[in-house]
Amino acid sequence: MAGCVSRVELSVTCRSLLDRDLGSKSDPLCVVLQDAGGGRWTELDRTERIKNCQNPEFCKKLVVDYYFEKVQKLKFGVYDIDNKSFDLNDDDYLGGIECTLGQVVSSSVFTRPLELKQGKPAGKGTITISAEEIKDTRVLCLEIEARNLDKKDLLGKSDPFLEFYKQNEAGVWQLVYRSEVVIKNNLNPCWRKISVPLQTFCGGDFNKSIKVQCADHDSDGSHDLIGTFETNVTQLQKAGDGSAVEFECIHPEKKQKKKSYKNSGIIRIKSFKIETEYSFLDYVMGGCQINFTVGVDFTGSNGDPKSPDSLHYISPDGINEYLIAIWSVGSVVQDYDADKLFPAFGFGAQVPPSWQVSHEFALNFNPSNPYCQGIQGIVDAYRQVLPQIRLYGPTNFSPIINHVARFAAHSAQQGTASQYFILLIITDGEITDLDQTRQAIVNASKLPMSIIIVGVGEADFKAMEFLDGDNGVLKSLTGEPAARDIVQFVPFRQFKNAPREALSQVVLAEVPKQLVSYYKWQGWPPVKPPEIKKM
């Protein structure tokens, strides 16, 4: 299971709160609760109380862990506090709202009317919530070389590598970076460019002491110290204007023993740069829309939809594995799409009126406008189309992948991080056009899109696992490798008895990484980059 993508800080302001105090205004406080299931809510955080104020702007931020792959239902409640007790049950309720964290982070400003209970407005009161990710996204980039390092090996020269340490609060040196390249037999090495998050390197403090150690690598782990020096980011920064900064590498024992000892070599910082590394939330909060498309397998191997053993059979309680997959994934993704219009297609069926086999027909039978209104719209279109088509074959994935890729390619031509595409394919797994699909995925890996494949039924899903590329990079028939891993495959049977949200958590866990990796590869910042706060 993917860990928390990030922590977000929620800023809350209210306007026109109800006045519950006689002779003075209300003393509001805002609390945020998270849905814990089964009708229970748990408190995550609360603001300070502001005295005599109907239009509060709370200073204390509400901190919440954010997961893209979950629907995180939140409840914000505003109370008039007239006593010192922590319990809010004895305080007047001024109104609240329920929403998802996805709705908040995908809106630049999220404003809603406060309600005393569902459908009953709290006067003219409103609440406005804005989100900001808690992080320092800056990355330190250094190019380093050395001259005249001491020779440590009897039969050859030294094999030098670098280690960087920062001093923690207790004064203990903590390793923050080790150069991955050990340069063999070289007393004048030039290391590969070093990139370390500024937060990791110095906690964002430019004056924090940094110790740099240069050692000779020995395969048995008994590395020999060549020398060391101390510096800080402020000093390293001087290499930022094109002139190198030099440090003497000192071996403490040699310095003590030999009066004539000068140094054990010179370390040169050739270049210094601070770059910004953007996160998934930077892109979403910066205006990136996530477009969701569904492709449903209507091939004959699914079985006759009227028969209870068919994968398309809708049970008396109105569900099947296809519908559960659509709901599960769609309910998360829909919060990140402003218009909530989702194209939905079927493939592998004979379609009226000509009864030709189609590999990308609109579920609503409207090819010029295949959009369904919300996830419920996809579900309704699926139910309506089932009795009107004949399940047939073959099972071709490439047409629908290429269909979405055309939209992604058009968006990519704009050269901005404004649109990302997720294609959900639900299939019983008997794929026919494996070679064309491999090529389609390799082409799509260069575009702003991800593909999720949910396998329903009991088939052998070896081909799907192959497309997932987790066991090595997927290649096209001609040997061209995928530019990045964009396919996530999950067999539904692993989730049959799990809570419904478990499926979405697994299939969507990779999407934030895939989105960021694409825009980083292109060198595109968010449409509206976050303001960088000076440390």
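Within any chain, residue numbers begin from 1 and follow the written order of that chain's sequence. Only residues with pLDDT of 70 or above have their local features reported here, since the model is predicted, and side-chain atom pairs are shown and tallied only from 80 upward, although totals for entire chains, interfaces and linings are computed over all residues. Side-chain numbers come from the whole structure's heavy atoms, not from hydrogens or water.

### Details of the layout of surface pockets
Thinking step 1. Buriedness for pockets is judged along seven lines, at least five of which must meet protein on both sides within 12 Å for an open set on the 1 Å grid over protein atoms alone, while cavities are sets there where a 1.4 Å probe fits but cannot get out, and lining residues have an atom within 4 Å of a point. Grid points are joined across faces, edges and corners, and a volume is the space filled by probe spheres set on the points. Estimated volume of the second largest pocket: approximately 540 Å³.
Thinking step 2. Taken together, 21 residues form the lining of the second largest pocket, with Asp35, Val71, Gln72, Lys73 and Glu501 sitting closest to its centre.
Thinking step 3. Numbering of helices and strands runs from the N terminus; a helix is a DSSP stretch of H or I covering at least four residues, while a strand is a stretch of E covering at least two. Where the lining of the second largest pocket is concerned, the elements lending two or more residues are β2 (28-37), α6 (321-333) and α11 (500-508).
Thinking step 4. Partitioning the lining of the second largest pocket into residue classes produces 4 nonpolar, 10 polar and 7 charged.
Thinking step 5. In this document the domain limits rely on a domain assignment from an automatic tool or a database. Mapping the lining of the second largest pocket onto the domain boundaries places at least three of its residues in each of domain 1 (6-134) and domain 3 (281-522). Think of it as three bins: nonpolar holds Ala, Val, Leu, Ile, Met, Phe, Trp, Tyr, Cys and Pro, charged holds Asp, Glu, Lys and Arg, and polar takes everything else, Gly as well.

### Structural notes on the sheet that holds strand β13 (residues 210-216)
Thinking step 1. The pairing criterion for strands is at least two bridges between them, as found by DSSP. Across the sheet, 4 strands lie side by side as β11-β10-β13-β14; this open sheet has antiparallel pairing. A single partner strand is all that each edge strand has here, and the edge strands are β11 (173-178) and β14 (224-231). The average angle at which neighbouring strand axes cross in this sheet is 25°, direction not considered.
Thinking step 2. Pairing analysis gives 7 bridges linking β13 to β14, with the strands arranged antiparallel. Looking across to β14, one finds that Cys214 is bridged to Gly227. All axes are obtained by fitting lines to C-alpha atoms, using only the stretch in contact for helices, and the reported angles, taken between N-to-C directions, cover 0 to 180 degrees.

### What about the domain arrangement of the chain?
Thinking step 1. Domain assignment breaks the chain into domain 1 (6-134), domain 2 (138-276) and domain 3 (281-522).
Thinking step 2. Contact criterion: two residues are considered in contact whenever any of their non-hydrogen atoms come within 4.5 Å of each other. Taken together, the 15 residues of domain 1 in the interface contact 15 residues of domain 3.
Thinking step 3. The term buried area refers to how much accessible surface (probe radius 1.4 Å) is lost by two components on association, counted for both of them together. Together, the buried faces of domain 1 and domain 3 total about 1400 Å²; carbon and sulfur atoms form 66% of this surface.
Thinking step 4. Within this document, salt bridges are pairs made up of a side-chain nitrogen of Lys or Arg and a carboxyl oxygen of Asp or Glu, the two lying within 4 Å of each other. Inspection of the domain 1/domain 3 interface yields 0 salt bridges.
Thinking step 5. Counted as a polar contact is a pair of N or O atoms within 3.5 Å, where, for protein atoms, one must be capable of donating a hydrogen and the other of accepting one, and residues adjacent in sequence contribute only when both atoms are in side chains. Run the count over domain 1 and domain 3 and you get 3 residue pairs in polar contact (both at pLDDT 80 or more).
Thinking step 6. Contributions of two or more residues to the side of domain 1 that touches domain 3 are made by β1 (6-15), α1 (101-105) and β8 (120-133).

### Regarding unusual backbone geometry
Thinking step 1. Put simply, Pro352 and Pro353 share a cis peptide bond, and its omega is 0°.
Thinking step 2. By secondary structure assignment, the location of Pro353 is in the loop between β19 (349-351) and β20 (356-358).
Thinking step 3. Here the bond from Gly393 into Pro394 is cis, since omega is -5°, no more than 30 degrees from zero.
Thinking step 4. For Pro394, the position within the fold is in the loop between β23 (390-391) and α8 (398-412).
Thinking step 5. The residue Asn52 is not glycine, and still its phi comes out positive at about 45°.
Thinking step 6. For Asn52, the position within the fold is in the loop between β3 (40-46) and β4 (62-66).
Thinking step 7. If you check the backbone angles, Phe365 has positive phi at about 60° while not being a glycine.
Thinking step 8. With respect to the helices and strands, the residue Phe365 is situated in the loop between β21 (361-362) and β22 (371-373).

### A closer look at the packing of α6 against helix α7 (residues 374-385)
Thinking step 1. As a packed pair, α6 and α7 sit with axes 10 Å apart at the nearest point and diverge in direction by 165°. Considering their axes alone, α6 and α7 lie roughly antiparallel with respect to each other. Classified by chirality, the crossing of α7 by α6 is right-handed. Packed against α6, whose contacting residues are Tyr322, Leu323, Ile326, Trp327, Gly330 and Ser331, the element α7 presents Ile375, Gln376, Ile378, Val379, Tyr382 and Arg383 at the interface. In what follows, roughly perpendicular refers to angles from 65 to 115 degrees, roughly parallel to angles under 35, roughly antiparallel to angles over 145, and oblique to any angle outside these ranges. In a left-handed crossing the near helix is turned counterclockwise from the far helix by less than a right angle, and in a right-handed crossing that turn is clockwise.

### Focus: the nonpolar core
Thinking step 1. Put simply, a nonpolar core is a bunch of buried Ala, Val, Leu, Ile, Met, Phe, Trp, Tyr and Cys residues held in one set by side-chain atoms that sit within 4.5 Å of each other. Whether a residue is buried, partly exposed or exposed follows from its accessible area with a 1.4 Å probe, protein chains only, as a fraction of its type maximum: under 20%, in between, or over 50%, in that order. Core analysis: the largest hydrophobic core is formed by 115 residues, its most contacted members being Leu10, Phe76, Ile127, Phe292, Phe298, Ile401 and Met449.
Thinking step 2. When residues of this core are assigned to their parent elements, the largest contribution, 8 residues, is made by α6.
Thinking step 3. Among the domains, domain 1 (6-134) and domain 3 (281-522) are the pair contributing at least three residues each to this core.
Thinking step 4. Ignoring any residue separated from it by four or fewer positions in sequence, one finds Phe292 in contact with Val329, Gly330, Val333, Asp337, Phe342, Pro343, Ile375, Ile378, Ile422 and Leu424.
Thinking step 5. Among the nonpolar cores identified, the runner-up in size contains 30 residues, and Leu140, Ile226, Ala239 and Phe272 belong to it.

### Points about the sheet that holds β20
Thinking step 1. With respect to topology, 3 strands assemble into an open sheet ordered β20-β19-β23, the strand pairing being antiparallel. Of all strands in the sheet, those bounded by a partner on one side alone are β20 and β23.

### Here we look at helix α9 (residues 434-444)
Residue pairs spaced three or four apart in an α-helix point in one direction, given the helix's 3.6 residues per turn.
Thinking step 1. Of all the residues in α9, the buried ones are Thr437, Arg438, Ala440, Ile441, Val442 and Ala444.
Thinking step 2. As for α9, its buried residues are in contact with α8, β25 (449-455), α10 (462-468) and β26 (487-491).

### Considerations on the packing of aromatic side chains
Thinking step 1. Ring geometry is summarised as follows: Phe, Tyr and Trp rings, the Trp one being its six-membered ring, pair when their centres sit within 6.5 Å, and such pairs are stacked at plane angles under 30 degrees, edge-to-face over 60 and tilted between the two. If you walk through the whole model with that rule in mind, you get 20 aromatic pairs.
Thinking step 2. Where Phe461 meets Phe489, the ring centres are 5.3 Å apart and the plane angle is 50°; that geometry is what we call tilted. On the criterion of sequence distance, the pair formed by Phe461 in the loop between β25 and α10 and Phe489 in strand β26 is long-range, its members being 28 residues apart. The burial state of Phe461 is the same as that of Phe489; both residues are buried.
Thinking step 3. Pairwise contacts between aromatic rings join Tyr278, Tyr283, Tyr420, Tyr518, Tyr519, Trp521 and Trp524 into one cluster.
Thinking step 4. Two limits define a charge over a ring: the Lys NZ or Arg CZ must be within 6 Å of the ring centre, and within 35 degrees of the ring normal. One Lys or Arg, Arg46, reaches over the ring of Phe86 and ends 3.5 Å from the middle of that ring.

### Side note on a nonpolar patch on the surface
Thinking step 1. In this scheme, patches are assembled from residues that exceed 30% relative accessible area and form no salt bridge. Like charges are connected within 9 Å, while nonpolar side chains (Val, Leu, Ile, Met, Phe, Trp, Tyr) are connected within 5 Å. Residue burial considers only the protein chains on display, and all accessible areas are found by Shrake-Rupley using a 1.4 Å probe. Taken together, the side chains of Leu341, Tyr371 and Phe407 present a nonpolar region at the surface, about 270 Å² in accessible area.
Thinking step 2. When its relative accessible area of 37% is taken as the criterion, Tyr371 is described as partly exposed.

### Here we look at the packing of α8 against α9
Thinking step 1. Close contact between α8 and α9 brings their axes to 9 Å; oriented N to C, the two are set at 15°. In terms of axis orientation, α8 runs roughly parallel to α9. Note that α8 runs across α9; the crossing there is left-handed. On the side of α8, the interface is formed by Ser398, Ile401 and Asn402, while α9 contributes Gln436, Thr437, Ala440, Ile441 and Ala444.
Thinking step 2. For the contact of α8 with α9, the class distribution of residues is 4 nonpolar, 4 polar and no charged.

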